[in-house]
Amino acid sequence: MPEADTELSKERILVLGAGISGLSTAILLQARGYQVTILAEYRALNQKLLPDNPLVPTDYAMASAYPHNLKVENLNKISADSQRIFRNLERQNFAGLHRYRIYEVFEVNNPADSPASPPLNEHRINFEKFSGEEHDLKAAGLNVPARSDAGILQGWRFDSYFVDMPVYMQELWRTFEVNGGLYQEKIIDRDFIEKLPPGTRAVNCLGLGSVDLFNDKSECLIMRGSQLIVAGAPMVQDEDGMPLAYNYTPTRELYQRADGRPEYLHFFPREDGWILGQTREPGRLDEDNNFIGEEVIGNRFKQDGCLIPLAILHLNHEILYNWQGISVEERKTVARVGYRYYRDPEKTGVHLEVDSDLAAKDITLVHNYGHGGSGITMSWGCSAKAVSLMEKHDATDSNAHSVPAPLDKILNGIEI
Ligand SMILES: Cc1cc2nc3c(=O)[nH]c(=O)nc-3n(C[C@H](O)[C@H](O)[C@H](O)COP(=O)(O)OP(=O)(O)OC[C@H]3O[C@@H](n4cnc5c(N)ncnc54)[C@H](O)[C@@H]3O)c2cc1C
């Protein structure tokens, strides 16, 4: 990757942050004809399977990308734009981007306890509901993931974009680089922001790093996520070759959040193995970045310096063994824990806005951070919005440079 000059040129738009938001924004800026430089302390998933920075969630995402909820202004357009760009990339056979069949299964004690339909389900591809015991569903031709002694199963299946993160991130970096992108490793501090010269154009994709830097006083919710990686495990597919994955909610007696609601498990196979999860434990980070929050209930085991709920290992094993005849317990696992950062989840949500303080100094800086557990799913829609905010505020000539194929097609169907 070519390094940027330390003397940053005003011709180029700066993207701060090298997670999924930074890279997606940088590529959409390139697709609009701009020259772009990314500045960041750390490049997420840079040729590594295992992350080493728990504060950078891009390293941990599984990463399913189907329409669902996130607190963001104009969710419908953001979600639709994201799905459209994934489709445009799928047409180009973009490396690391796939379609998976995902099952969302709920064990219920009583058929009347139906789970509520998920948000934006009308936009999920081939969405189909089911209800019944495992053998009835099998007789109807539905091989639904289940524990062997599960009772009534309710839920739905659908097809979804899924990004195999190590492969996909490499391809994003390659795309960025062949389109003239530059990268510079740099810690961004307040001094750097204060010294930005008038005329600078930048997009802030620093995730959690934005909170102190921009003195963001809005609520900062951290949702801790625990995972096990089963390296080298085989792909799991249906008879048509479609990769299979699940989110599975057993009854709360089996796996429970601190507030008494049932917690769900997940299984996502990738080229390099399986990702087993999960937890959604709400809390915050203290000054030393230790997590303080509401932990899931039940026994844990220690591995690789992390305390992982036993349910993630045992219940996933039960489901996978019963469903596909495959064993988790005989395989070697690696444990990891990452933090999803939700900005102001009850009110304004994702920060997608021009910074008004900097605008007064003739600097256009657009914020794009705080995506919680949906930063991959919403990556393209939020980035498209950030580009749109930049252009509307700056009234610039967007097509200063020609855009070579196939990048010229990435924004097909999107109104900036
Ligand atoms: C366990 C887990 C599972 C998840 N699963 C999914 C999923 O299936 N689907 C989905 O859509 N989302 C998922 N997510 C959420 C998703 O990972 C995040 O929403 C997304 O990665 C946020 O990306 P980002 O680029 O905005 O921020 P980050 O990944 O935090 O990247 C921020 C960048 O800014 C840099 N940076 C920060 N501060 C500074 C500074 N001061 N100076 C210089 N550089 C700095 C960092 O080094 C990094 O490069 C999951 C998250 C977790 C933890």
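How each quantity is defined
- Note that residues are indexed from 1 along each chain, following the sequence as it is written.
- Selection of residues for local features in this predicted model requires a pLDDT of at least 70, selection of side-chain atom pairs for listing and counting requires 80 or more, and totals for whole chains, interfaces and linings are taken over all residues.
- Side-chain measures here rest on the full set of heavy atoms in the structure, leaving out hydrogens and waters.
- Here, proximity means that at least one heavy atom of the residue falls within 4 Å of the molecule or strand.
- Throughout this description, a polar contact denotes any pair of N or O atoms lying within 3.5 Å of each other; where both atoms belong to protein, one of them has to be capable of donating a hydrogen while the other can accept it, and for residues adjacent in sequence the pair is counted only when both atoms sit in side chains.
- Under the convention used here, a 1.4 Å probe and the Shrake-Rupley method define accessible areas, while residue burial counts only the protein chains that appear.
- We count a stretch as a helix when DSSP gives it H or I for four or more residues in a row; a strand needs E for two or more, and each element gets its number in order from the N terminus.
- Note that the domain bounds reflect an automated or database-derived domain assignment.
- The term buried area means the drop in 1.4 Å probe accessible area that two parts suffer when joined, counted for both and summed.
- The working definition used for a salt bridge is a side-chain nitrogen of Lys or Arg within 4 Å of a carboxyl oxygen of Asp or Glu.
- Aromatic contacts are taken between Phe, Tyr and Trp rings whose centres are within 6.5 Å, Trp giving its six-membered ring; a plane angle under 30 degrees counts as stacked, one over 60 as edge-to-face, and the others as tilted.
- Three exposure classes are used, based on accessible area relative to the maximum for each residue type with a 1.4 Å probe and protein chains only: buried under 20%, partly exposed in between, and exposed over 50%.

Q: Whenever I open this one, the site of the ligand confuses me. Can you help?
A: Around the ligand sit 34 residues, and of these Ser21, Tyr42, Thr58, Gly372 and Thr377 come closest. Between an oxygen atom of the ligand and a main-chain N or O atom of Thr377, the distance comes to 2.7 Å. Computed on the free molecule, the ligand has an accessible area of 1000 Å², of which 94% lies beneath the protein chains in the complex. Those elements that place two or more of their residues in the shell around the ligand are helix 1 (20-31) and strand 17 (334-343).

Q: Is there a simple way to explain the domain arrangement of the protein in this structure?
A: How big an interface is tends to be expressed through the accessible area that disappears when the partners come together. Along its sequence, the protein is carved into domain 1 (13-93 + 164-218 + 347-409) and domain 2 (101-162 + 221-343). Relative placement of domain 1 and domain 2: their C-alpha centres are 29 Å apart. Each partner contributes to the roughly 3100 Å² buried at the junction of domain 1 and domain 2, and carbon and sulfur atoms together form 61% of this total. Between domain 1 and domain 2 we count two salt bridges in total.

Q: Even after reading the chapter, I still don't get the packing of aromatic side chains, so can you show me in this structure?
A: The relation between two aromatic rings is expressed through the spacing of the ring centres and the mutual angle of the planes. As enumerated under the stated definition, the model contains 19 aromatic pairs in all. Residues Phe127 and Trp156 carry aromatic rings whose centres are separated by 6.0 Å and whose planes lie at 35° to one another, so their mutual orientation is tilted. Taken together, the residues Phe127 in strand 5 (residues 125-133) and Trp156 in strand 6 (residues 152-163) connect sequence positions 29 residues apart. Given the relative accessible area of 24%, Phe127 is considered partly exposed. The exposure class of Trp156 is buried, given its relative accessible area of 3%.

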